[in-house]
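Analysis of the macromolecular model
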Amino acid sequence: MFYILFMDHNNILGVVLAGGKSQRFGEDKSQAKLHGKILIDYIISEIIDQFNEILIVTNNNIKFQNSDKISKTKDLKEGLGPLGGILTAMRWVKDGNKNYKWISTFPSDTPFFTKEELHFFYKNIDIQKSKLFFIKNNKTRHNIFGLWSLDLMDKLESDLEKGERKVEVWADKVGVEMINVNFKKKDPFFNINTKKDLEIAHNMKKND
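Note that the coordinates shown come from a computational prediction; the quantities given were computed from them, not determined experimentally. (Residues numbered from 1 in each chain as written. Predicted model: local features only at pLDDT ≥ 70, side-chain atom pairs only at ≥ 80, totals over all residues. Heavy atoms only, no water.)

Re the packing of aromatic side chains
Enumeration according to the criterion identifies 12 aromatic pairs in this entry. With a centroid separation of 6.2 Å and 45° between ring planes, the pair formed by Trp102 and Phe133 is classed as tilted. Highlighted residues: Trp102 in strand β6 (residues 102–107) and Phe133 in strand β7 (residues 132–137), separated in sequence by 31 residues. Exposure remark for Trp102: the relative accessible area of 9% places this residue in the buried category. Grouped by ring-pair contacts, the aromatic residues Phe51, Phe106, Phe113, Phe145, Phe183 and Phe189 constitute a single cluster. Above the ring of Tyr42, the side-chain terminus of Lys37 is found at 4.6 Å from the ring centroid. (Phe/Tyr/Trp six-rings, centres within 6.5 Å; stacked < 30°, edge-to-face > 60°. Helix = DSSP H or I, 4+ residues; strand = E, 2+ residues; numbered from the N terminus. Buried < 20%, exposed > 50% of the residue type's maximum accessible area, 1.4 Å probe, protein only. Lys NZ or Arg CZ within 6 Å of the ring centre and 35° of its normal.)

Here's the deal with the pattern of salt bridges
Taken as a whole, this structure holds 11 salt bridges when the rule is applied. The closest approach of N and O atoms between Glu164 and Lys173, which form a salt bridge, is 3.3 Å. Exposure remark for Lys173: the relative accessible area of 59% places this residue in the exposed category. A salt bridge links Glu199 to Lys196; the shortest N-O distance between them is 3.9 Å. (Salt bridge = Lys/Arg side-chain N within 4 Å of Asp/Glu carboxyl O.)

Things to note about the packing of helix α3 (residues 81–95) against helix α5 (residues 153–161)
It is the contact of α3 with α5, at a shortest axis distance of 10 Å, that shows an interaxial angle of 135°. The orientation of α3 with respect to α5, classified from their angle, is oblique. Crossing angle aside, the handedness with which α3 passes α5 is left-handed. Of the residues in α5, those touching α3 at Leu83, Gly84, Ile86, Leu87, Met90, Arg91 and Lys94 are Met153, Asp154, Leu156, Glu157 and Leu160. (Axes fitted to C-alpha atoms, helices over the stretch in contact; angles between N-to-C directions. Parallel < 35°, antiparallel > 145°, perpendicular 65-115°, else oblique. Left-handed = near helix turned anticlockwise from the far one by under 90°. Contact = heavy atoms within 4.5 Å.)

Overview of helix α4 (residues 115–123)
Turning to α4, its buried residues are Glu117, Leu118, Phe121 and Tyr122. Looking down the long axis of α4, one finds its buried residues gathered within 130° of arc, a one-sided arrangement. (Arc of directions from axis to C-beta.)

Some points on α3
Given a rise of 1.5 Å per residue, 15 residues ought to cover 21 Å, and the 21 Å separating the end C-alpha atoms of α3 matches this to within 8%. By the burial criterion, the buried members of α3 are Leu83, Gly84, Gly85, Ile86, Leu87, Thr88, Ala89, Met90, Trp92 and Val93. Once α3 ends, the next one or two residues include Asn97, with phi positive near 55°. (Expected span 1.5 Å × (residues − 1).)

Comments concerning the side chain of Thr194
Tracing the backbone through its elements, the reader meets Thr194 in the loop between β9 (177–180) and α7 (195–206). When sequence neighbours within four positions are dropped, the list of residues in contact with Thr194 reads Arg24 and Phe25.

A short note on the pairing of strand β4 (residues 54–57)
Each regular strand displays side chains that alternate between the two surfaces of the sheet. Alternating residues of β4 divide into Ile54 and Ile56 and Leu55 and Val57, and every residue in both groups is buried. Where strand β1 (residues 12–17) meets β4, four bridges bridge the pair, whose relative direction is parallel. In the strand pairing of β4, Val15 is matched with Leu55. In this structure, β4 lies alongside strand β5 (residues 70–73), joined through four bridges in parallel fashion. If you follow Val57 over to β5, its bridge partner there is Thr73. (Pairing = 2+ DSSP bridges.)

Quick word on the confidence of the model for the protein chain
Confidence in the prediction of the protein chain, expressed as mean pLDDT, is 91, and 94% of residues score 70 or more. Per-element mean pLDDT across the protein chain ranges from 48 in helix α1 (residues 2–6) up to 98 in β4. (pLDDT = per-residue confidence, 0-100.)

Quick look at the sheet that holds strand β8 (residues 140–149)
Across a sheet, paired strands are connected by hydrogen bonds in the backbone, their directions being either parallel or antiparallel. If you walk across this open sheet you meet the seven strands as β5-β4-β1-β6-β8-β7-β9, and the pairing is mixed. The sheet is open, and its two edges are formed by β5 and β9, each paired on a single side. Along the sheet, successive strands turn relative to each other by an average axial angle of 30°, direction set aside. Pairing analysis gives four bridges linking β7 to β9, with the strands arranged parallel. Its bridge partner being in β9, Phe134 is matched across the sheet by Met178. Helix-sheet contacts for helix α6 (residues 167–174) involve β7 and β8, and the interaxial angle to β8 is about 55°.

Right under this line is the structure:
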């Protein structure tokens, strides 16, 4: 029953967080090519039909697939990490008088994530239990794959002003529910942080 609430596409804004500095990669990794396709377009391709709108939060002049459903905005303030990007998305909703009650966040560097994992995530959420949900696989938390209630915005803004920067620490304080998402073959949460990771991803693609 909760799954139907979410998947009517009216309550959730899809948000791709692409504001990281990519220091370990050496350049904006969202623009790196994997088998001829830039990384950010992999996640966009999987989620674009799941939402009425997608917001990309980035401080760079990046490329991504063209769609009337996609908007782009810069961080309200740079240097605040992923939590700053999440607050930026929440403010974008409020300032634009959008009707979304939740934002669903995604990284820009996970080319093997699919809408099947997203559907499983939503299907197993009970919104009466929390205002924040993360994906987990076995013992690994995937804190950027999250569903965040807009009700958290004021507290998030206050805590950022006090110096909080770590997603996991903040989420544990407010009370996060974990949804375990299993996979049988290729790791859908494999993320690319380094050029070596990109090489591994190329090999994974070859074995598709």
